[in-house]
Amino acid sequence: MSAPSLVDELKGGLDAPICLTWELTYACNLACVHCLSSSGRRDPNELSTTEAKAVIDELRTLQVFYVNLGGGEPMIRRDFFELVSYAVDHGIGVKFSTNGTYLTADAARRLTALDYLDIQISLDGIDQPTNDAVRGAGSYDTARRAMDHLAEAEFGPFKISVVVTRQNVDQLDSFKALADSYGAQLRVTRLRPSGRGANTWAELHPTNEQQRQIYQWLLAKGDDVLTGDSFFHLNALGESLPGLNMCGAGRVVCLIDPVGDVYACPFVIHDEFKAGSVRDPGGFAGVWRESALFTGLREPESAGACASCGSYDACQGGCMAAKFFTGLPLDGPDPECVYGHGESSLAGVAAGAAPRPGADHSRPVTFRRR
Amino acid sequence: MRGDRPGRAAGARPGESADASPEESAGASHSQFATSALLNRHLELDDRVALRPESFGALAYHYGNRRLIFLRHPDVLTVVRSLGGHETVADTLRACDIAPARWPSFLAAIESLVRSEVLRECALAG
């Protein structure tokens, strides 16, 4: 009998995640139309500094190598630098995503002084009109200013993080050139219909033809461009893109939200994927190791409706979050299945039948009279 | 199949968000010459690398280059931890009771770990 493959072993789950996403706050000064966490207003129940440090202590005990901090806008938290320093001092690497608003020249210098720190600045268009249509007025200038500050502080290779949309897919080469001009790394990820993205996905997600374009582009770029392993659904087109080619939810990754709830997938803040809370008696480790949800996700999955498709081994049926929030069965094709199986399934989803995202912290929409 | 050979180390860029995003290091191809040269080197674990034992072997994370590496067998972990304490790679393999038939796969793993900077020339060597 041969040893199981690495991927098969990882699918069975690890004693602790390899890395995890931790949204530090629901507060955000922006209101991006595709925000995964429907952020805007701070939740009054968010973890205190003491509680957040206790989580970091626990992650250290579990030997989690690094955390991806996000939000909301994580730099809004008053204890942001305190928490980042605490994590780094305890041997946990930090990568954080920011819109750049609070990344002043002074903040850039402070961040440069820290080890084990990676910064991702979000930018969803190579020009102001493309970016600001998604991220809001002024957000392009804000992001570029933050990049300039990091460059001036000689932070080193920060990351420019792009969510690929129908509107910016033709700008991939320009994004790469921009990253190169800063000595930065380009990171491109997949648009998910999560959070407010559920409302805008139909308009923003790349067309089938564009999916192929993304695949060819990523294949050509190889290791030069980071993807967070987010495009494995495209592997059905042929040669595999770099990455593990599996859904890591509850197996090697998970999400902690600002109030300490633990979800299986960084892209599914919804009760169905909530496994527990870091505030539970067993803490984070108890949730990771014992929750019924997580142990269930580590069982072998069924290919379901994809079983008869010759590409299932390559694409693994795609992304759980993308299926869930578009109302598709989890054991069927991804809504962006490159062979169009998802599109035909989508046609069968009744209007309003898809699950609504969980906790919504969007700011109330106000009508302004001029 | 990825990473299904014992002793094979897979390198990875640390997945920046959801996923671990590893890319496997290219399969090792080493000539006889390279093999004997490797056997005589005095290597050690880079002190910026953290090791986390797992049922399949171990996870290694390099805080300097941010690479996540899979050690594909518990014996590879034992060897990696022992390298610094022996004069040569060959001495280490013998001390860890690695059967000669398994040496090629261990050398391939060690070579790959040198490339990903998990292992480095021992500072005290010479």
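Summary of the structure given here. Bear in mind that the values here come from a model prediction, so they are computed numbers and not experimental data. (Residues numbered from 1 in each chain as written. Chains lettered and ligands numbered in written order. Predicted model: local features only at pLDDT ≥ 70, side-chain atom pairs only at ≥ 80, totals over all residues.)

### Concerning the overall build of chain A
Reasoning step 1: Along the backbone of chain A there are 14 helices and ten strands.
Reasoning step 2: Since a compact globule built from 370 residues should have a radius of gyration of about 21 Å, the 20 Å found for chain A is in line with a globular shape.
Reasoning step 3: Out of the 370 residues in chain A, the part that is buried amounts to 53%.
Reasoning step 4: A sequence separation of at least 24 residues applies to 69% of the contacts in chain A between residues at least 6 apart. (Helix = DSSP H or I, 4+ residues; strand = E, 2+ residues; numbered from the N terminus. Rg over C-alpha atoms; globule rule 2.2 N^0.38 Å. Buried ≥ 20, exposed ≤ 12 C-beta atoms within 10 Å, placed from the backbone. Contact = placed C-beta atoms within 7 Å.)

### Here's the deal with the pairing of strand S5 (residues 68-71) of chain B
Residues and elements named next belong to chain B.
Reasoning step 1: What you see with S5 is no split at all: Leu68 and Phe70 on one side and Ile69 and Leu71 on the other are buried throughout.
Reasoning step 2: For strand S4 (residues 57-62) and S5, the ladder comprises four bridges, and the chain directions are antiparallel. Across the sheet, the residue bridging to tyrosine 61 is leucine 68, located in S5.
Reasoning step 3: Between S4 and S5, which follow one another and run antiparallel, lie five residues, and arginine 66 among them has a positive phi close to 65°. (Pairing = 2+ DSSP bridges.)

### Here we look at helix H9 (residues 208-221) of chain A
Residue and element names in this part refer to chain A.
Reasoning step 1: Between its terminal C-alpha atoms H9 stretches 20 Å, which fits the 20 Å expected from 14 residues at 1.5 Å a residue.
Reasoning step 2: Of the positions making up H9, those classed as buried are Gln211, Ile214, Tyr215 and Leu218. The buried residues of H9 occupy an angular sector of 100° when projected down its axis, which confines them to one face. Summarising the geometry of H9, the exposed residues directed more than 90 degrees from the buried face are Glu209 and Ala220.
Reasoning step 3: Lining the buried residues of H9 we find strand S5 (159-164) and strand S7 (225-226).
Reasoning step 4: Count one or two residues on from H9 and you reach glycine 222, which has phi positive near 55°. (Expected span 1.5 Å × (residues − 1). Arc of directions from axis to C-beta.)

### Points about the environment of Gly13(A)
All names here are of chain A.
Reasoning step 1: Within the element layout of this structure, glycine 13 appears in the loop between helix H1 (6-11) and strand S1 (19-23).
Reasoning step 2: The class of glycine 13 is partly exposed, set by 19 C-beta atoms lying within 10 Å.
Reasoning step 3: Along the sequence, glycine 13 and proline 357 sit 344 residues apart, while their C-alpha atoms lie 26 Å from each other.

### Notes on the environment of Ser181(A)
Reasoning step 1: Of note, Ser181(A) is situated in helix H7 (residues 172-182).
Reasoning step 2: Each C-alpha atom of the pair Ser181(A) and Ile56(A) lies 35 Å from the other, and the pair is 125 residues apart in sequence.

### A word on the pairing of strand S2 (residues 66-70) of chain A
Residues and elements named next belong to chain A.
Reasoning step 1: In terms of burial, S2 is largely enclosed, as five of its five residues are buried.
Reasoning step 2: Along S2, one buried face is formed by Tyr66, Asn68 and Gly70 and the opposite face, lined by Val67 and Leu69, is buried too.
Reasoning step 3: Two strands pair when backbone bridges link them, and S1 and S2 are joined in this way by five bridges, in the parallel orientation. In the strand pairing of S2, threonine 21 is matched with asparagine 68.
Reasoning step 4: In this sheet, strand S3 (residues 93-98) lies alongside S2 in parallel orientation, the contact comprising four bridges. By the bridge assignment for S3, tyrosine 66 is matched with glycine 93.
Reasoning step 5: In the classification by handedness, the crossover that spans S2, the intervening helix H3 (residues 80-89) and the parallel S3 is right-handed. (Right-handed = clockwise from strand over helix to strand, strands pointing away.)

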